[in-house]
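This is what each chain is made of:
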Amino acid sequence: MPDSNRKTPSDVARRLRQHARFGCCRCGLPVYQYHHIIPYSQEQHFRVEDMMILCPLCHDMATKGALNDKEQREIQASPFNVRKGLAQGTLHVNQSYCAIVAGGIILVGEGPVIAVSGEPLISIRPGETGELLLSVTLYSEEGSLIAEIVDNEWISGDPSVWDMESDHQKLTIRSAPYKVALNLDIRGEPAHMRAKLWHAGYLIDLRGAGIRVNGKNAGQEISNLALAGGMLELDTSGPLTKLKLGPQREQRECTVISEPDREVRLRKTIEAWKVLNGEPHGTPEALRG
């Protein structure tokens with residue numbers, strides 16, 4: 001059984017992430033697995049000094065012997081993000097919330113960004129020390145689960161078919177065989193997300209402006225909107241795909257903001273998010289879920 005399938009104790013996992021500055025010790029990619037330098041099959045342990053975090057591709061190299069023990073110890077002692085001076089990794093936010101544009105709609109909060117027929121496919125939230133945590137469920141065109149990421153940890157999926165790269169505050173995940181792509185750019189506020197995802201035979205194309213399902217526009221009449229504590233949900237159960245705006249799973253309600261000025265819209269949505277979390281900055285009208 002691969003090391004990544006073994007549940008690493010939360011305190012050990014936290015120390016490993018902090019030591020590596022929230023990225024692969026070898027390349028800095030902010031999607032990772034927990035690797036045992038001394039193989040778990042040889043000794044069942046969770047010692048921090050004999051572990052590190054590696055992205056799925058580097059982890060595959062290590063487990064197959066492409067990285068020898070000396071090389072593993074060297075990158076563990078001097079992780080990529082530490083050498084680059086990235087204290088919070090390549091993905092970090094400076095707030096206690098995430099502000100992101102998805103499908104042309106500004107979303108402020110933490111939790112699911114887009115769901116299809118009740119299943120969240122992409123979720124984001126800020127971590128304890130400012131790192132952005134990403135959860136993604138990826139399916140093939142045929143409907144098979146091909147990869148799962150939970151709070152930046154690569155849980156399952158064959159890494160050899162994936163092309164993943166990150167730069168300062170950018171992350172791209174691609175798979176040509178499955179025709180899946182995810183691009184996250186958090187250099188500004190709000191961040192921007194684009195994605196092409198499959199779900200039950202439907203191709204969801206999450207664009208900078210609008211959403212297309214199997215090549216057709218979904219909710220194209222929606223413009224100049226933002227949601228505080230909300231997400232985009234596609235209902236594919238009927239003959240026509242419907243785009244619904246509703247509260248994230250952690251929220252009982254969300255607030256809808258309609259404002260033509262983008263900067264004003266963002267500011268109002270951030271204020272509305274603070275209200276939903278008990279900070280008295282006004283009394284916006286809420287859309288209850």
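Look above for the structure.
Residues numbered from 1 in each chain as written. Predicted model: local features only at pLDDT ≥ 70, side-chain atom pairs only at ≥ 80, totals over all residues. Heavy atoms only, no water.

Asks: Where do I start with the packing of aromatic side chains in this structure?
Replies: In this description, an aromatic ring pair is defined by two values, namely the gap between the centres and the angle between the planes. According to the stated counting rule, one finds four aromatic pairs in the structure shown. A centroid spacing of 5.5 Å and a plane angle of 50° characterise the contact between Y40 and F46, whose relative ring orientation is tilted. A relative accessible area of 11% places Y40 in the buried class. Through a chain of ring-to-ring contacts, three or more aromatic side chains come together here, namely W154, W162 and Y178. (Phe/Tyr/Trp six-rings, centres within 6.5 Å; stacked < 30°, edge-to-face > 60°. Buried < 20%, exposed > 50% of the residue type's maximum accessible area, 1.4 Å probe, protein only.)

Asks: Help me understand the nonpolar core, please; the structure alone is not making it clear to me.
Replies: What tends to happen in soluble globular proteins is that the nonpolar side chains get buried as a cluster. Membership of the largest hydrophobic core comes to 65 residues, with the highest contact counts inside it found for I122, L132, W162, M193, L232 and L234. With residues up to four places along the chain from it excluded, the contact list for L234 reads I114, A115, V116, S117, I204, I211, V213, A218, T241, K242 and L243. (Core = buried A, V, L, I, M, F, W, Y, C linked by side-chain atoms within 4.5 Å. Contact = heavy atoms within 4.5 Å.)

Asks: How should I be thinking about the side chain of D185 in this particular structure?
Replies: Within the element layout of this structure, D185 appears in strand β12 (residues 180–185). Polar contacts involving the side chain of D185 include one to the side chain of R187, which spans 2.5 Å. Residues in contact with D185, not counting those within four places in the same chain, are Q169, K170, A191 and H192. (Helix = DSSP H or I, 4+ residues; strand = E, 2+ residues; numbered from the N terminus. Polar contact = N/O pair within 3.5 Å; in protein donor to acceptor, adjacent residues only side chain to side chain.)

Asks: Please clarify how helix α1 (residues 10–20) should be interpreted in this entry.
Replies: Note that an α-helix has 3.6 residues per turn; residues three or four places apart therefore point the same way. Within α1, burial applies to V12, A13, L16, R17 and A20. All buried residues of α1 fall inside an arc of 130° around its axis, so they share one side. Looking at α1, the residues exposed on the side facing more than 90 degrees away from the buried face are S10 and R15. Elements in contact with the buried residues of α1: β1 (33–36), β2 (51–54) and α4 (80–83). (Arc of directions from axis to C-beta.)

Asks: Any chance you could explain the pattern of salt bridges here in plain terms?
Replies: Close approach of charged atoms allows side chains of opposite charge to pair. Counted according to the given criterion, the structure contains twelve salt bridges. With its nearest N and O atoms 2.7 Å apart, the salt bridge here joins D50 to R47. Judged by its relative accessible area of 9%, D50 is buried. The network of salt bridges with common partners includes E43, R47, D50 and R73. (Salt bridge = Lys/Arg side-chain N within 4 Å of Asp/Glu carboxyl O.)

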